[in-house]
Amino acid sequence: MTLFDVYSLYPIEPVRGEGTYVFTEEGKRYLDFYGGHAVISIGHAHPHYVKKISDQVARIGFYSNSVENPLQQELADKLGRLSGLDDYQLFLVSSGAEANENALKLASFRTGRSRIIAFRGAFHGRTSAAVNATDNEAIKAPINRNYPITFLELDDLAAVREELDKGDVAAVIIEGIQGIGGIHVPEAAFLEALPELCHDNGALLILDEVQSGYGRSGKFFAFQHSEVRPDIITVAKGMGNGFPIGGVLIAPELEPKSGMLGTTFGGSHLACAAGIAVLDVIEQENLLENTRTQGNYLMETLEASGLFTEVRGHGLMIGLQMNGPIGELRKRLLFEHHVFTGSAKDPNTIRLLPPLNVCREECDRMIEAFQQALNPEEVSLR
Ligand code: PMP
């Protein structure tokens, strides 16, 4: 059977990972400033994570959600404590799209409405409702007429107000920091105005923290850089450090009816063990602080380098804007300097999404790789 061709692939085959590095069979080492697309939160093959998962799978990896599984509560308690959102309810799923699909379903169930407001450049996943709320025509095969979508410019409060005024909007869905669109941080005043504006008009606010959450921005959730209390928050990616796990955090005011949400794999013993291990490491190794420290260092140094027209982001979610397409530069970084970076929908933006335990020396290697890839005759930027 041939594989369905989902992405165009680079001819590199990582067979092992350790911390911020991945290795090929021949022992070639690559610095991972893409984090497997913001998924690798605590580094590749972290010993605590490996042990937790190995021990769990040797005990019991899965039983259906028709029986008690105390690991789910342990995960929820830890997540509530570390995020400061202990009063929310957690529904466990297996991916970001599944989390958003359920968030949109909850919103439409709760409001009795179906229209969704999303933003230009948004990415919320590839399932039917989530892809409809994604601003990318290229991936929109299934047209979901159940959720009519209106796309507005990020930070355009007047436009949001005008749409909400029509009285038929179920939810506004927004990324804590827009990822695939090219690392765009919503203005704090914009985010902070949304809950009241939504509630006054009978709509809900969904924060998609699938890429920006779990410490990536230097706070547990990116929206926590502002004063905002969303009705629903969705998480995935960094939550499992590679194990497929996601979650929908539901504010208590929503009073979701039991029985309306469900999934076979969500919250399995093994998924919970992975999720708990990630939170253990984030807490024990103070990764939020490291994210802020390394993130600030990277952003300040890259900004001062003058290599980019703009440096955007928070923590270790960084967008580097250039004057032209970044495709060739990313290839050079990968093949000549052995550094993984991420692209964005915007062809002129590079995304940096390294593991949250990246160290200063690895940041320096990254900066040097940029310098050499762009100005090979100069030796060092520092
Ligand atoms: N939301 C955001 C903000 C994302 O970046 C992504 C994935 N890139 C998704 C949702 C979808 O997540 P998944 O691929 O796990 O379905």
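Residues numbered from 1 in each chain as written. Predicted model: local features only at pLDDT ≥ 70, side-chain atom pairs only at ≥ 80, totals over all residues. Heavy atoms only, no water.

Draft legend 1. Focus on the overall build of the protein. When you go through the protein residue by residue, the secondary structure sums to 11 helices and 14 strands. Taken over the C-alpha trace, the protein has a radius of gyration of 21 Å; the compact-globule value for 382 residues is 21 Å, and the two agree within 12%. Overall, the C-alpha framework of the protein stretches about 60 × 55 × 45 Å when taken along its three principal axes. Looking at the protein as a whole, 55% of its 382 residues qualify as buried. Approximately 16,800 Å² of the protein is accessible, and the part contributed by carbon and sulfur atoms is 50%. Across the protein, 33 positive and 50 negative side-chain charges occur, with their mean positions spaced 3 Å apart. (Helix = DSSP H or I, 4+ residues; strand = E, 2+ residues; numbered from the N terminus. Rg over C-alpha atoms; globule rule 2.2 N^0.38 Å. Buried < 20%, exposed > 50% of the residue type's maximum accessible area, 1.4 Å probe, protein only. Areas by Shrake-Rupley, 256 points an atom, 1.4 Å probe, with all protein chains shown as cover. Lys, Arg positive; Asp, Glu negative; His and termini not counted. Charge placed at Lys NZ, Arg CZ, Asp CG, Glu CD.)

Draft legend 2. Representation of the sheet that holds strand 2 (residues 21–24) in the model. Spatially, 4 strands are ordered 1-2-3-13 in an open sheet, and the strand pairing comes out mixed. The sheet terminates laterally at strand 1 (14–18) and strand 13 (339–340), the two strands that pair on one side only. Judged from the 2 bridges that link them, strand 3 (residues 29–32) and strand 13 form a sheet pairing that is parallel. When the bridges of strand 13 are listed, D32 appears paired with F340. (Pairing = 2+ DSSP bridges.)

Draft legend 3. The arrangement of the packing of aromatic side chains in detail. Tallied over the entire structure, the rule returns 8 aromatic pairs. The interplanar angle of 90 degrees and the centroid separation of 5.2 Å between the aromatic rings of F308 and F370 together place this pair among those described as edge-to-face. Of this pair, F308 sits in the loop between helix 9 (287–304) and strand 11 (310–314) while F370 sits in helix 11 (residues 360–374); the two residues are 62 residues apart in sequence, bridging distant segments of the chain. For F370, a relative accessible area of 0% puts it in the buried group. An aromatic cluster is defined as three or more aromatic residues linked by ring pairs; in this entry it consists of Y214, F220, F221 and F223. Seen from the ring of Y21, R29 lies directly overhead, with NZ or CZ sitting 4.0 Å from the centre. The ring of Y297 has R360 lying over it, and the distance from NZ or CZ to the ring centre is 3.7 Å. (Phe/Tyr/Trp six-rings, centres within 6.5 Å; stacked < 30°, edge-to-face > 60°. Lys NZ or Arg CZ within 6 Å of the ring centre and 35° of its normal.)

Draft legend 4. Spatial organisation of the side chain of H124. Its place among the elements puts H124 in the loop between strand 5 (115–119) and helix 5 (128–132). Contact partners of H124, with chain neighbours within four places excluded, come to G96, A97, N100, A130, A133, T134, I173, I174, E175 and D208. (Contact = heavy atoms within 4.5 Å.)

Draft legend 5. Looking closely at the environment of V358. Mapping V358 onto the fold places it in the loop between strand 14 (349–352) and helix 11. Separated by 68 residues in sequence, V358 and N290 have C-alpha atoms that sit 7.9 Å apart. Residues within four places of V358 in sequence aside, it is in contact with T20, F33, N290, Q294, L316 and C363.

Draft legend 6. Geometry of the site of the ligand. Near the ligand lie 14 residues; those nearest to it are G96, A97, D208, Q211 and K237. A97 is positioned with one of its backbone polar atoms (N or O) 2.8 Å from an oxygen atom of the ligand. Taking Q211, its side chain carries an N or O atom lying 2.8 Å from an oxygen atom of the ligand. With the chains in place, 83% of the 390 Å² that the ligand exposes on its own is no longer accessible. If one sorts the elements of the shell around the ligand by residue count, helix 4 (residues 96–111) sits on top with 3 residues. Residue composition of the shell around the ligand, by class: 4 nonpolar, 7 polar and 3 charged. (Near = heavy atom within 4 Å. Polar contact = N/O pair within 3.5 Å; in protein donor to acceptor, adjacent residues only side chain to side chain. Nonpolar A, V, L, I, M, F, W, Y, C, P; charged D, E, K, R; others polar.)

Without other data, these values stay purely geometric and don't point to any function.
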